[in-house]
Amino acid sequence: QHKDAYQAILDGVKGGAKEKRLAAQFIPKFFKHFPELADSAINAQLDLCEDEDVSIRRQAIKELPQFATGDNLPRVADILTQLLQSDDSAEFNLVNNALLSIFKMDAKGTLGGLFSQILQGEDIVRERAIKFLSTKLKTLPEEVMTKEVEEFILTESKKVLEDVTGEEFVLFMKILSGLKSLQTVSGRQQLVELVAEQADLEQTFNPSDPDCVDRLLQCTRQAVPLFSKNVHSTKFVTYFCEHVLPNLSSLTTPVEGLDIQLEVLKLLAEMSSFCGDMEKLESNLKKLFDKLLEYMPLPPEEAENGENAGNEEPKLQFSYVECLLYSFHQLGRKLPDFLTAKLNAEKLKDFKIRLQYFARGLQVYIRQLRLALQGKTGEALKTEENKIKVVALKITNNINVLIKDLFHIPPSYKSTVTLSWKPVQKADASQKRASEDTTSSSPPKKASGPKRDARQIYNPPSGKYSSNLGSFSYEQRGGFRGGRGRGWGGRGNRSRGRIY
């Protein structure tokens, strides 16, 4: 009976500022009493949401949740999602709050609106809708985020993941790994499969294509936190051994200042602890062994008078060797007779000479580093130079422990070390102490190489750590778990025509 009066309120949106302000309040207030005018009412409120006067816009946005009843809710969610593109911070916050309030009325309907804009909306709307999901979903209570709602998020996310940029992929992994239903072993397995699909591990690897390398690294970084003793990294480790290691020296990256080879080796080392049964274990272990040999030099040739025959001392790449030796040690456990039964005696002898030469260089470094850090605590350890030395000491201690294992007859794979860039687990603290206490002695004499090598004391080149460990500060700034992949969108690859 008051239909005409309500129609007059709706017409108020065409009037002056006062009429519009009144309309912004009264249209939602009486909306439920005039279902036959629902479309006109929502459209009128929408006009007010786009008004030139910011105070009218804010008032209209604030009232939008009142229209979110029944079949209208997905439409309101869709409208609010589009309004996320606002650059006015107060307005943007109102849109966020309005979305959260309708989320609590009907999570699935709200998600429908958000995902329809992510799949079909403008780039700016898509970007902000994804950001909304990645920051707000985790704040919603359990009664809102039911199993059914989480399944809907997973289904819709899979559609979006068919065509995403690197940055969007990272955000979706953050959204999905935060879902309660995916915290289980089978849930994490599902996520690993999603990442493997995204990494396209069936494709031929092209080391000279920065996008191809980038995509693999970005995906692997997302997979690493998901691996455990029940969720295996086998598929990724196999791909790295078969396709990436043989091309290590020709990898290219668009990320400035990134030691791409070290980055790859660190990821391989982290994954190697969770590798399951591998089909071509022996051939992949051989590839890993061959790559390790490249960084384990033979002692320089000696002239007859005992002087160095003019050859330069080889540089010892500790950071690379830590990763390769750790990965070899982890996979070697699965084929413990690799060094003794699968290599010929000559090869094994050569390897032991290399190990011993490296171990000698290590002792010199460990002594120098301990001396440099002696008595330093608190603030003194926080200087850039000392931070590098602390990491360097961790690296050299780790290599020392692993080399000792391989010097056992037969080689042993029992020791555990915490990779130098990972935080020390409490359970590992005693192990770490033990390893540091025993690092001062050389490998057992029994396995020593030709006698002439014994005279050689490795004299480290000056300033080597500062250049060689540069990438450690790169990694630690962002924290290996946290700031992964930030800044990837800044490469101008935001177009959705391709994934990265």
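Report on the accompanying structure. Just so we're clear, the structure is a prediction, and the values are computed from it rather than from any experiment. (Residues numbered from 1 in each chain as written. Predicted model: local features only at pLDDT ≥ 70, side-chain atom pairs only at ≥ 80, totals over all residues. Heavy atoms only, no water.)

## Topic: helix 16 (residues 318–332)
For step 1, the next point in the chain: Its 15 residues give helix 16 an end-to-end C-alpha distance of 20 Å, which sits within 8% of 21 Å, the value for a rise of 1.5 Å per residue.
For step 2, the next point in the chain: Across the 15 residues that make up helix 16, a large majority, 15, are buried. (Helix = DSSP H or I, 4+ residues; strand = E, 2+ residues; numbered from the N terminus. Expected span 1.5 Å × (residues − 1). Buried < 20%, exposed > 50% of the residue type's maximum accessible area, 1.4 Å probe, protein only.)

## Focus: the nonpolar core
For step 1, the next point in the chain: One finds Ile27, Leu80, Phe236, Phe328 and Leu339 to be the most contacted residues of the largest nonpolar core, which totals 142 residues.
For step 2, the next point in the chain: The element that contributes the greatest number of residues to this core is helix 16, accounting for 9 residues.
For step 3, the next point in the chain: Ranked by size, the runner-up nonpolar core spans 5 residues in total, among them Ile366, Leu369, Leu373 and Leu393. (Core = buried A, V, L, I, M, F, W, Y, C linked by side-chain atoms within 4.5 Å.)

## Section: the environment of Tyr320
For step 1, the next point in the chain: Among the secondary structure elements, Tyr320 is positioned in helix 16.
For step 2, the next point in the chain: Taking the C-alpha atoms as reference points, Tyr320 and Leu265, 55 residues apart in sequence, are found 6.9 Å from one another.
For step 3, the next point in the chain: Contacts of Tyr320, omitting those with residues within four sequence positions, involve Asp259, Gln261, Leu262, Leu265 and Tyr295.
For step 4, the next point in the chain: Only 2.9 Å separates the side chain of Tyr320 from the side chain of Asp259, close enough to count as a polar contact. (Contact = heavy atoms within 4.5 Å. Polar contact = N/O pair within 3.5 Å; in protein donor to acceptor, adjacent residues only side chain to side chain.)

## Focus on the packing of aromatic side chains
For step 1, the next point in the chain: If you walk through the whole model with that rule in mind, you get 14 aromatic pairs.
For step 2, the next point in the chain: Ring centres of Phe26 and Phe30 lie 6.1 Å apart, and the angle between their planes is 15°; on these two criteria the pair is classed as stacked.
For step 3, the next point in the chain: Given the relative accessible area of 29%, Phe26 is considered partly exposed.
For step 4, the next point in the chain: Consider the rings of Phe318 and Phe358, whose centres lie 5.3 Å apart with planes at 80°: the pair is edge-to-face. Taken together, the positions of Phe318 in helix 16 and Phe358 in helix 18 (residues 345–373) put the pair 40 residues apart, joining distant regions of the chain. Like Phe318, the residue Phe358 is buried in the burial classification.
For step 5, the next point in the chain: Through successive ring pairs, a cluster of aromatic residues spans Phe289, Phe328, Phe338 and Phe351.
For step 6, the next point in the chain: Residue placement shows Lys266 over the ring face of Trp421; its charged tip is 5.1 Å from the ring centre. (Phe/Tyr/Trp six-rings, centres within 6.5 Å; stacked < 30°, edge-to-face > 60°. Lys NZ or Arg CZ within 6 Å of the ring centre and 35° of its normal.)

## Some thoughts on the pattern of salt bridges
For step 1, the next point in the chain: Applying the stated criterion to the full structure yields 18 salt bridges.
For step 2, the next point in the chain: Residues Glu142 and Lys180 are paired through a salt bridge, measuring 3.5 Å at the closest nitrogen-oxygen approach. Within this pair, whereas Glu142 is found in the loop between helix 8 (123–136) and helix 9 (147–160), its partner Lys180 is found in the loop between helix 10 (166–177) and helix 11 (185–199), the two being separated by 38 residues in sequence. The residues Glu142 and Lys180 share a single accessibility class, namely exposed. (Salt bridge = Lys/Arg side-chain N within 4 Å of Asp/Glu carboxyl O.)

## A look at a negative patch on the surface
For step 1, the next point in the chain: Taken together, Glu162, Asp163, Glu193 and Glu197 make up a surface patch of like negative charges.
For step 2, the next point in the chain: Within the fold, Glu193 resides in helix 11. (Patch = residues over 30% accessible without salt bridge, like charges linked within 9 Å, V, L, I, M, F, W, Y side chains within 5 Å. Areas by Shrake-Rupley, 256 points an atom, 1.4 Å probe, with all protein chains shown as cover. Lys, Arg positive; Asp, Glu negative; His and termini not counted. Charge placed at Lys NZ, Arg CZ, Asp CG, Glu CD.)

## Focus on the packing of helix 12 (residues 210–223) against helix 13 (residues 234–244)
For step 1, the next point in the chain: Orientation of helix 12 relative to helix 13, taken along the N-to-C sense of each, is 155°, at an axis distance of 12 Å. The angle between the axes of helix 12 and helix 13 places the two elements in the roughly antiparallel class. Classified by chirality, the crossing of helix 13 by helix 12 is left-handed. Listed contacts from helix 13 to Leu216, Thr220 and Ala223 of helix 12 are Phe236, Tyr239, Phe240 and Val244.
For step 2, the next point in the chain: Residues that form the contact of helix 12 with helix 13 fall into these classes: 6 nonpolar, 1 polar and no charged. (Axes fitted to C-alpha atoms, helices over the stretch in contact; angles between N-to-C directions. Parallel < 35°, antiparallel > 145°, perpendicular 65-115°, else oblique. Left-handed = near helix turned anticlockwise from the far one by under 90°. Nonpolar A, V, L, I, M, F, W, Y, C, P; charged D, E, K, R; others polar.)

## Some remarks on the side chain of Ser415
For step 1, the next point in the chain: Structurally, the position occupied by Ser415 is in the loop between helix 19 (384–407) and helix 20 (429–437).
For step 2, the next point in the chain: Of the residues examined, Ser415 reaches a relative accessible area of 19% and is grouped as buried.
For step 3, the next point in the chain: If we skip the residues at most four places from it in the chain, Ser415 touches His329, Arg333, Val401 and Asp405.

## Points about the packing of helix 14 (residues 260–272) against helix 16
For step 1, the next point in the chain: The geometry of helix 14 relative to helix 16 is characterised by a closest axis approach of 8 Å and an angle of 25° between their N-to-C directions. Our classification of the angle between helix 14 and helix 16 gives roughly parallel. Between helix 14 and helix 16 the crossing geometry is left-handed. Within the contact between the two elements, helix 14 uses Gln261, Leu262, Leu265, Lys266, Leu268, Ala269 and Ser272 and helix 16 uses Ser319, Tyr320, Cys323, Leu324, Tyr326, Ser327, Gln330 and Leu331.
For step 2, the next point in the chain: Among the residues making up the contact of helix 14 with helix 16, the classes are represented as 9 nonpolar, 5 polar and 1 charged.

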